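Overview (structure and organization)
Chain residues, written in single-letter form:
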Amino acid sequence: MILDAILSSSDTAQAGAHVVAQASVQAYKEQSDQVKHLISFMGQDEYSLAELMQPLGLSHRATFQKNYLNPAIDVGVIERTIPDKPKSPKQRYKLK
């Protein structure tokens, strides 16, 4: 009985880890799709945050930064024009 309980909890832990791994893969895929969507309309110009959000139909700045802009910066496809001042009101973004 004790062995059954240990095996059962081990199976449950493995199933939980599998679910977490699947969620992580799904989150990465969604981020990847969002990054692709963001860069799809960008040319060689420099864009303000508002100019990047408008074609995507987004209005919530924090969500846009978390789901689109920061992942694009993290993977290296977009860069800041003022890298040492990420919160500058003059900050713009461009394709690398």
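Residues numbered from 1 in each chain as written. Predicted model: local features only at pLDDT ≥ 70, side-chain atom pairs only at ≥ 80, totals over all residues. Heavy atoms only, no water.

A short note on the overall build of the protein
The secondary structure content of the protein amounts to 3 helices and 2 strands. Taken from N to C terminus, the helices and strands of the protein fall in the order α-α-α-β-β. Here the protein, with 96 residues, has 21% of them falling under the buried criterion. Across the protein, contacts joining residues at least 24 apart in sequence account for 39% of those joining residues at least 6 apart. Within the structure as shown, the protein displays about 6,900 Å² of accessible surface, and the carbon and sulfur contribution to it stands at 56%. (Helix = DSSP H or I, 4+ residues; strand = E, 2+ residues; numbered from the N terminus. Buried < 20%, exposed > 50% of the residue type's maximum accessible area, 1.4 Å probe, protein only. Contact = heavy atoms within 4.5 Å. Areas by Shrake-Rupley, 256 points an atom, 1.4 Å probe, with all protein chains shown as cover.)

Notes on the confidence of the model for the protein
Averaged over every residue, the pLDDT of the protein is 80; the share at 70 or more is 68%. Below pLDDT 50 for its whole length, residues 17-21 participates in 0 contacts with residues either more than four positions away or in separate chains. (pLDDT = per-residue confidence, 0-100.)

Here we look at the environment of His-60
As for its position among the elements, His-60 is in the loop between helix H2 (49-53) and helix H3 (61-75). A sequence separation of 10 residues divides His-60 from Ala-50, and the C-alpha atoms of the two residues are 9.9 Å apart. Here Thr-63 takes part through its side chain, which lies 2.7 Å from a polar atom of the side chain of His-60. (Polar contact = N/O pair within 3.5 Å; in protein donor to acceptor, adjacent residues only side chain to side chain.)

Comments concerning the pattern of salt bridges
The tally for this structure, following the rule as stated, stands at 2 salt bridges. With a closest N to O distance of 3.0 Å, Arg-92 and Glu-51 form a salt bridge. In this pair, Arg-92 is assigned in the loop between strand S1 (78-80) and strand S2 (93-95) and Glu-51 in helix H2, connecting sequence segments 41 residues apart. Given the relative accessible area of 35%, Glu-51 is considered partly exposed. With a closest N to O distance of 3.6 Å, Lys-94 and Glu-79 form a salt bridge. Note that Lys-94 is positioned in strand S2 and Glu-79 in strand S1, a separation of 15 residues in sequence. (Salt bridge = Lys/Arg side-chain N within 4 Å of Asp/Glu carboxyl O.)

Looking at the layout of surface pockets
Approximately 200 Å³ is the volume attributed to the largest pocket. Around the largest pocket, the lining comprises 13 residues; the ones closest to its centre are Leu-49, Gln-65, Pro-86, Lys-87 and Tyr-93. In terms of residue count, H3 provides more of the lining of the largest pocket than any other element does, 4 residues in total. The residue inventory of the lining of the largest pocket, partitioned by class, reads 5 nonpolar, 5 polar and 3 charged. (1 Å grid on protein atoms, 1.4 Å probe; cavity = no way out; pocket = protein on both sides within 12 Å on 5 of 7 lines; lining within 4 Å. Points joined across faces, edges and corners; volume = space filled by probe spheres on them. Nonpolar A, V, L, I, M, F, W, Y, C, P; charged D, E, K, R; others polar.)

Quick word on the nonpolar core
The nonpolar side chains of soluble globular proteins are, as a tendency, buried together. Judged by nonpolar contacts, the single largest core of 16 residues is most densely connected at Leu-38, Met-42, Leu-52, Phe-64, Leu-69, Ile-78 and Tyr-93. Apart from the residues within four sequence positions on either side, Leu-69 is in contact with Leu-38, Leu-49, Leu-52, Phe-64, Ile-78 and Tyr-93. (Core = buried A, V, L, I, M, F, W, Y, C linked by side-chain atoms within 4.5 Å.)

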